[in-house]
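Working through the structure, step by step
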Amino acid sequence: MADDVEVTMKGATLRATFANEGVAPVEACRVVVERIEREQPRSVALACDFASPGASWAAALEGRTLTSVTSFIFDTDFQTQTRQRDNSIGDLAATLAACPKLERLFATGKLALSACEHAPLREIHLLGDPLTPELLAALGTSRFPRLEQLTLSLASDAGPGPEHEALAAIARLQAPMLRGLFLAGGGSAEETLGVIGSIARVKEVTIYAPIDDEDMLLEAIEANAEALRKFTLVALPFADFCSEDAFERARELVPAIRDASDVPNSTLPAAYESWLA
């Protein structure tokens, strides 16, 4: 069993790394769950090197309630999003159900989700290569009454990801307190700007997507300026794709526009560093 998973506890964080290949055995997952029950961490971080827990994780959680956990991370911080594309933790709804006080979730890989409700959840980061339309559909029918920040990285090398499905899910999602959206891995920024303004509630949006043509981008901003002016922040990767003149013109049209480099990238491990106290 020691060969299948390594578990360490430091401060209020429990870390577990699943070793070998394929799907980690359910017994290894139970070792992790039992350590969580015994040591009561506030944060749990699972990594894959190279096995992943898959459906074994949900099986190990059955009948368990992990009341101490407020932050949950499923991410292998030394691997890229693409290299993690096959990592699985089964249905994320099982983890939410087992952690009734969970406030923050960061997950990367071949993710799955059933429609669910989770009241304490304030922050969600979902990264895939790609995220599936099925996951996004379930997200759209879920209810997170305290959710404030949503990050979706729809794809990496497998991109562009299912952006239309993502935007539809965000529009339907029952999250009345949602204020911040970080969207990466979709189509061009020009395309996204045409529909992003229709999303109710969101006040800050970062679109991390390629800009195919700066003139077309400015046309899209001008055409949608009224909708975009409702935001307090619209961040786009101008520095990577556009001239300084284009950036200044965009800000004249929509003063809330900023360069994406000025906004923390919430798809990176730095996004959850502060959770690991």
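About the criteria used
- Residues numbered from 1 in each chain as written.
- Predicted model: local features only at pLDDT ≥ 70, side-chain atom pairs only at ≥ 80, totals over all residues.
- Heavy atoms only, no water.
- Pairing = 2+ DSSP bridges.
- Helix = DSSP H or I, 4+ residues; strand = E, 2+ residues; numbered from the N terminus.
- Axes fitted to C-alpha atoms, helices over the stretch in contact; angles between N-to-C directions.
- Contact = heavy atoms within 4.5 Å.
- Buried < 20%, exposed > 50% of the residue type's maximum accessible area, 1.4 Å probe, protein only.
- Right-handed = clockwise from strand over helix to strand, strands pointing away.
- Arc of directions from axis to C-beta.
- Phe/Tyr/Trp six-rings, centres within 6.5 Å; stacked < 30°, edge-to-face > 60°.
- 1 Å grid on protein atoms, 1.4 Å probe; cavity = no way out; pocket = protein on both sides within 12 Å on 5 of 7 lines; lining within 4 Å.
- Points joined across faces, edges and corners; volume = space filled by probe spheres on them.
- Nonpolar A, V, L, I, M, F, W, Y, C, P; charged D, E, K, R; others polar.
- Patch = residues over 30% accessible without salt bridge, like charges linked within 9 Å, V, L, I, M, F, W, Y side chains within 5 Å.
- Areas by Shrake-Rupley, 256 points an atom, 1.4 Å probe, with all protein chains shown as cover.
- Salt bridge = Lys/Arg side-chain N within 4 Å of Asp/Glu carboxyl O.
- Lys, Arg positive; Asp, Glu negative; His and termini not counted.
- Charge placed at Lys NZ, Arg CZ, Asp CG, Glu CD.

Let us look at the sheet that holds strand β1 (residues 5–10). Strand order across the open sheet formed by 11 strands is β1-β2-β3-β4-β5-β6-β7-β8-β9-β10-β11, with mixed pairing between neighbours. The sheet terminates laterally at β1 and β11 (257–259), the two strands that pair on one side only. With strand direction ignored, the average angle separating the axes of adjacent strands in the sheet is 10 degrees. The sheet contacts of helix α6 (residues 189–196) involve β8 (180–184), β9 (204–208) and β10 (233–236), and relative to β9 the element is tilted by about 155 degrees.

In this section: the pairing of strand β3 (residues 43–52). With 8 of its 10 residues buried, β3 lies for the most part within the structure. In this sheet, β3 lies alongside strand β2 (residues 13–23) in parallel orientation, the contact comprising 9 bridges. Among the inter-strand pairings, Ala19 is bridged to a residue of β3, identified as Asp49. For the crossover that starts at β2, traverses helix α1 (residues 26–39) and ends in the parallel β3, the hand is right-handed.

What follows concerns helix α5 (residues 163–172). Here α5 has its buried residues at Glu163, Ala166, Leu167, Ala169 and Ile170. The buried residues of α5 occupy an angular sector of 160 degrees when the element is viewed end-on, so they sit on one face. The secondary structure elements touched by the buried residues of α5 are α4 (133–140), β7 (149–153), β8 and α6.

What follows deals with the packing of aromatic side chains. Counted under the stated rule, the structure contains 5 aromatic pairs. A ring pair is formed by Tyr272 and Trp275, whose centres lie 6.3 Å apart and whose planes are at 50 degrees; its orientation type is tilted.

Let's shift gears to the layout of surface pockets. Here the largest pocket is characterised by a volume of approximately 280 Å³. Elements with a contribution of two residues or more to the lining of the largest pocket: β5 (104–108) and β8. Per-class residue counts for the lining of the largest pocket are 10 nonpolar, 12 polar and 2 charged.

We now examine a negative patch on the surface. Taken together, Glu191, Asp212, Asp213, Asp215, Glu219 and Glu222 make up a surface patch of like negative charges. For the negative patch, the element with the highest residue contribution is helix α7 (residues 214–223), accounting for 3 residues. Using a relative accessible area of 53% as the deciding quantity, one classes Glu191 as exposed.

Here we take up the pairing of β9. The sheet contact formed by β8 and β9 spans 5 bridges and is parallel. Across the sheet, residue Leu181 finds its bridge partner in β9, namely Val205. Running through α6, the crossover from β8 to the neighbouring parallel element β9 is right-handed. Where β9 lies against β10, 3 bridges are found, and the strand directions are parallel.

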